[in-house]
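So you can see what is in the structure, the chains are spelled out below.
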Amino acid sequence: PLYVDPSGAGLALYQALTNRPSAMGFVILNPDNGPGTVADPDYQTWINNFSAHGIITLGYVATGYGATPAGTVDTDITRWLSTLYSGVDGIFFDETDTAVGDQAYYQARYDWVKTYGAGLLIVFNTGADPPESAMTVGTPDSIWMIFENVYSSWLTDSTPTWVASYPTRLAALVEETTTANWENALGLGLSRGYKYIYITTDGSPGAWDTIPSYWSS
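Read on for an overview of the structure. Everything numeric here is computed off the predicted structure, so don't read it as measured data.

Counting across every chain of the model gives 18 aromatic pairs. Clustering of aromatic rings is evident, with ring pairs tying together Phe93, Tyr105, Tyr106, Phe124 and Trp144. Above the plane of the ring of Tyr105 lies Arg109, whose end atom (NZ or CZ) is 5.2 Å from the centre.

Have a look at this one:
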């Protein structure tokens with residue numbers, strides 16, 4: 001997550017990411033709790049820069065745990081992928097609900113994204129373990145972020161047994177991880193079957209506006 005403006009103090013963070021593109025799975029941009037209503041040329045510049053470095057860029061879209069009207073969500077998708085910006089590689093759906101009853105809602109949002117390109121990447125962030133049936137949403141290529149919490153919780157997290165069946169589709173965000181512990185945090189994620197793992201020293205709120213000191217490692 002890169003929830004900071006690319007101008008001013010935020011510029012250094014964007015530059016740090018392009019200095020290590022091989023460490024990047026994807027970057028999530030969030031100008032205004034979504035794309036906003038007016039294009040920001042600074043964001044477009046960095047979408048282009050990330051693309052030139054081979055970094056996948058996702059646009060942030062909040063879903064209100066399934067309560068945000070479908071039309072509102074689809075409008076944000078369209079703004080990211082067509083009307084406001086170009087070159088965005090997919091969508092990051094935040095506040096994804098884990099209820100089985102909302103799976104049709106999220107499948108429809110996935111389908112809407114795919115109308116803009118079959119190869120677009122889609123990430124659903126539940127921040128906690130969903131039922132395994134959630135993995136049918138966006139089969140076979142959606143990514144599910146099923147952990148978003150601090151390092152101490154990561155140590156004791158009980159990964160569902162079904163995770164092993166989806167070795168390319170799981171992601172985690174691990175906050176409050178010290179320099180001494182980041183390698184252990186990474187190792188735990190890999191051993192549990194996660195493909196995408198972002199680890200930071202920061203904690204919420206504001207966990208996504210800095211780069212951890214061990215980024216260069």
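Moving on, there is more to tell.
Next up on the list: the environment of Ala172. Residue position: Ala172 is located in strand β6 (residues 170–175). Using a relative accessible area of 1% as the deciding quantity, one classes Ala172 as buried. C-alpha of Ala172 to C-alpha of Glu148: the two residues are 24 residues apart in sequence and 6.0 Å apart in space. In contact with Ala172, other than residues within four places in its own chain, are Met145, Phe147, Trp154, Tyr194, Tyr196, Ile197 and Tyr198.

A word on the side chain of Gln44. Residue placement: Gln44 occurs in helix α2 (residues 41–52). When near neighbours in sequence (up to four residues on either side) are disregarded, Gln44 contacts Leu84, Tyr85 and Ser86.

A few words on the packing of helix α3 (residues 70–83) against helix α4 (residues 103–114). Closest axis-to-axis distance for the α3/α4 pair is 10 Å, and the angle between their directions is 25 degrees. By the criterion of interaxial angle, the relationship of α3 to α4 is roughly parallel. α3 and α4 meet at a crossing whose hand is right-handed. Facing Ala70, Val73, Asp74, Ile77, Thr78 and Leu81 of α3, the residues of α4 in contact are Tyr105, Arg109, Trp112 and Val113. Residue composition of the contact of α3 with α4, grouped by class: seven nonpolar, one polar and two charged.

Before going further, it helps to spend a moment on the sheet that holds β6. Judged by pairing direction, the sheet is parallel, and its seven strands sit side by side in the order β1-β2-β3-β4-β5-β6-β7 without closing on themselves. Each edge of the open sheet is held by one strand with a lone partner, namely β1 (27–29) and β7 (196–199). Ignoring which end each strand starts from, the neighbouring axes of this sheet average 25 degrees apart. Taken together, the four bridges between β6 and β7 define a ladder with parallel strand orientation.

On to the side chain of Thr57. Inspection of the secondary structure assignment puts Thr57 in strand β2 (residues 57–62). Exposure remark for Thr57: the relative accessible area of 1% places this residue in the buried category. Beyond its immediate sequence surroundings of up to four residues, Thr57 is in contact with Val27, Leu29, Ile47, Phe50, Val88, Asp89 and Gly90.

Most of β2 sits out of view: six of its six residues are buried. A two-sided burial pattern is seen for β2, the buried positions comprising Thr57, Gly59 and Val61 on one face and Leu58, Tyr60 and Ala62 on the other. Taken together, β1, α2 and β2 constitute a β-α-β crossover, and its handedness is right-handed. Bridge count for β2 against strand β3 (residues 90–94) is five bridges, and the pairing is parallel. Counterpart to Tyr60 in the pairing with β3 is Phe92.

Let's shift gears to unusual backbone geometry. Omega for the bond connecting Thr139 with Pro140 falls within 30 degrees of zero, at 5 degrees, which places this linkage in the cis form. Tracing the backbone through its elements, the reader meets Pro140 in the loop between β4 (121–125) and β5 (143–150). Non-glycine residue Asn33 carries a positive phi angle of around 50 degrees. Topologically, Asn33 is positioned in the loop between β1 and α2. For Glu95, which is not glycine, the phi dihedral falls at a positive 55 degrees. Relative to the helices and strands, Glu95 is located in the loop between β3 and α4.

Calculation notes
- Residues numbered from 1 in each chain as written.
- Predicted model: local features only at pLDDT ≥ 70, side-chain atom pairs only at ≥ 80, totals over all residues.
- Heavy atoms only, no water.
- Phe/Tyr/Trp six-rings, centres within 6.5 Å; stacked < 30°, edge-to-face > 60°.
- Lys NZ or Arg CZ within 6 Å of the ring centre and 35° of its normal.
- Helix = DSSP H or I, 4+ residues; strand = E, 2+ residues; numbered from the N terminus.
- Buried < 20%, exposed > 50% of the residue type's maximum accessible area, 1.4 Å probe, protein only.
- Contact = heavy atoms within 4.5 Å.
- Axes fitted to C-alpha atoms, helices over the stretch in contact; angles between N-to-C directions.
- Parallel < 35°, antiparallel > 145°, perpendicular 65-115°, else oblique.
- Left-handed = near helix turned anticlockwise from the far one by under 90°.
- Nonpolar A, V, L, I, M, F, W, Y, C, P; charged D, E, K, R; others polar.
- Pairing = 2+ DSSP bridges.
- Right-handed = clockwise from strand over helix to strand, strands pointing away.

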